Amino acid sequence: MTLREAYTGGTLKTLVGPGVSCASGLPPWEELNARLLRAFLQREYKHIKFQLEDLKKAARVFIESFGYEAVADLIRESVTKATPDKDQGTYNDMLRESLYDERGGTKAESDLHLELAASLGDIHPKPLHERKRILYTFNFDNLLEQALWRLFRLKAQTRYPDDEQGTQDSPAVHHLLGYLPTNGAPRGSIILSETDYHARQARLPNELKQLFLGKYNLTGSPDNKPVVLLVGLNPTDPRLRGVLQERRRELCSAGREASSQPRIYALLHRRPPPTEAELIERMAHDFVQEHEEPFWKAWGINVLTVESGELLPFLLRQIRLGPRCTDWAQAGRNFLSAQADRYTEHLYNGSVQRPILERLKKACAVLRQRFGVAADEQLGLAGFVPDNKEASLLRLAFRFSNGRVNPEPITHAYAMERSMRVTDIDKPGGSVSRAFIWGATLEDSYQGSSVDKSCAAQWMDEWARERIFASLLCVPVYDSKQWVPVGVCCLYSNQRIPFWSELTALEMDELKNALQSIFARALRIRGRKGSPCMHARHPEGAEASTPDEPPWDPLLVN
């Protein structure tokens, strides 16, 4: 049975780990413990004003002496002795501060959160509010809940240890190790250390052991066994090791094929050594890559590896929607046909293209001002959409370059000459198709490795005549119906080192959001109340969102 078959058959259970929230800037397990220790030291010695680097050095001394696993236990015991009447509240405050960043501030859900949330709403005959899909998670944060709200305007049923009373009449997120939202009290037992795990083992929800050790009545084929998919979860997590050890013992005693345990798959992505790595470090990375799969197979875990963390949503989308990317393009075409005023046969009329050109000209000016683009760097914008007659084609929808004195509106014939196919999921043609199919932002250059990769000779000839860019940034744009790409917005520059290469991660996110908004405005994609999409964070007149009710996103419209 494939993962796709398990998903459509309702036997796939997904367990989400800290690696998913790392994409939103939350710390992995080791860093969370280190941050918790720094927060404790700051409170313990509050009469001394420490620099962050000083706290990091002090934290390393503690960790080297006691280990990461002892940090939470050490701090909890120390706080208990100091303030026995409010020890748990103080500890939870420090934990929340450490989880959601020492500098404070809310976190936005990542593409990976949104892809996982989409799996709660897809492929089910019942109305959305009646579905009983569950995402299991080791994470304390509420980013999966935010993602479900952002896609479907549906408040997930949040479940956690010590609270087994849920009705399960709506998609649920089950926090197996406790729940600590950005605001409000923690819910359930917060299980951070291995000591927490063993101390509360009797109170852990049945689902944790059922996921890994459950006994199932195999009526017929062994394919009836549930399948567990680990996403963003490191099998070395000490809170997971105990149940994996028990699982391994059973596998050894019963035999792998005879065991009634569910099959387990782990999605991992490669972590290449840094470019400046020494030879011994590169050799170590090669050794890990060679032996990683057989090592975890001995634990009863099948490893699926992708080259980059950005491709994890792409792999999950294949499980959810199937491997035919033409079906994804069809879904995008259907969305634009229903929601985009300018996605019609009249798109290439001069009366439609000229206002788009004016909007793109203003957008380039705004980008230049916002990101301090140098005067000698020329920018251009372009958008690609699935063809309204043949969804397997991506065609040019709009284009503007501030390097042209009098940019002319594009025609339908011109747009079709610059179309590309998205039929081959393994060999997408060019950077634009690659960004569309992978659903990931791609950077490339005029002579880059993927800008023309797998492109037809005719397409390359057409583009080569007018190619004026030196660098290219391709950003996919999504819809909220099935969380599939509906198009790609491209930003290009005449500089080999473009301005975006020097942006911080937060600035890069802002640029991506701006390009998605430019795409939506150019095509006049309507919002949920029928008005054009704007770059506001919530509809006019609506109250500002809270962490339990994430902000309305104008680019994701129902």
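Read on for an overview of the structure. (Residues numbered from 1 in each chain as written. Predicted model: local features only at pLDDT ≥ 70, side-chain atom pairs only at ≥ 80, totals over all residues. Heavy atoms only, no water.)

### Re the layout of surface pockets
Reported here for the second largest pocket is a volume of approximately 410 Å³. In terms of lining residues, the second largest pocket is bounded by 21 residues, among which Tyr 7, Leu 12, Lys 13, Arg 133 and Ile 134 are the most central. Contributions of two or more residues to the lining of the second largest pocket are made by helix H1 (3–8), strand S1 (12–16), helix H7 (111–119), strand S2 (134–137) and helix H13 (312–321). A class-by-class count of the residues in the lining of the second largest pocket yields ten nonpolar, six polar and five charged. (1 Å grid on protein atoms, 1.4 Å probe; cavity = no way out; pocket = protein on both sides within 12 Å on 5 of 7 lines; lining within 4 Å. Points joined across faces, edges and corners; volume = space filled by probe spheres on them. Helix = DSSP H or I, 4+ residues; strand = E, 2+ residues; numbered from the N terminus. Nonpolar A, V, L, I, M, F, W, Y, C, P; charged D, E, K, R; others polar.)

### With respect to empty space enclosed by the protein
Throughout the structure, instances matching the rule amount to two cavities of 30 Å³ or more. Volume-wise, the second largest cavity comes out at about 120 Å³. As for the second largest cavity, its lining consists of 14 residues, and the residues nearest its centre are Pro 18, Pro 27, Leu 32, Leu 99 and Asn 139. Counting only elements with at least two residues in the lining of the second largest cavity, the list comes to helix H2 (18–22) and helix H3 (29–44). Among the residues making up the lining of the second largest cavity, the classes are represented as ten nonpolar, two polar and two charged.

### Details of helix H8 (residues 143–152)
For an α-helix, 3.6 residues make a turn, and residues three or four places apart therefore share a direction. Most of H8 sits out of view: ten of its ten residues are buried. Of the residues making up H8, those classed as buried are Leu 143, Leu 144, Glu 145, Gln 146, Ala 147, Leu 148, Trp 149, Arg 150, Leu 151 and Phe 152. Here the buried face of H8 lies against S1, H2, H7, S2, strand S3 (157–159) and strand S4 (172–175). After H8 finishes, the residue Arg 153 shows a positive phi value of roughly 55 degrees. (Buried < 20%, exposed > 50% of the residue type's maximum accessible area, 1.4 Å probe, protein only. Contact = heavy atoms within 4.5 Å.)

### Structural notes on the packing of H7 against H8
In contact at an axis separation of 8 Å, H7 and H8 are set at 70 degrees when each is read in the N-to-C sense. Judged by the angle between their axes, H7 and H8 are roughly perpendicular. In the crossing of H7 with H8, the sense of the turn from one axis to the other is right-handed. Of the residues in H8, those touching H7 at His 113, Leu 114, Leu 116, Ala 117 and Ala 118 are Leu 143, Leu 144, Ala 147, Leu 148, Arg 150, Leu 151 and Phe 152. The residue makeup of the contact of H7 with H8, split by class, is ten nonpolar, one polar and one charged. (Axes fitted to C-alpha atoms, helices over the stretch in contact; angles between N-to-C directions. Parallel < 35°, antiparallel > 145°, perpendicular 65-115°, else oblique. Left-handed = near helix turned anticlockwise from the far one by under 90°.)

### Some remarks on the nonpolar core
By size, the foremost hydrophobic cluster in this structure holds 68 residues, and its most contacted members are Leu 491, Leu 511, Leu 515 and Leu 523. Among the elements that make up this core, the one with the highest residue count is helix H19 (residues 505–523) (nine residues). Not counting residues up to four positions away in its chain, the partners in contact with Leu 511 are Leu 367, Phe 371, Leu 473, Leu 491, Phe 499, Trp 500 and Leu 503. (Core = buried A, V, L, I, M, F, W, Y, C linked by side-chain atoms within 4.5 Å.)

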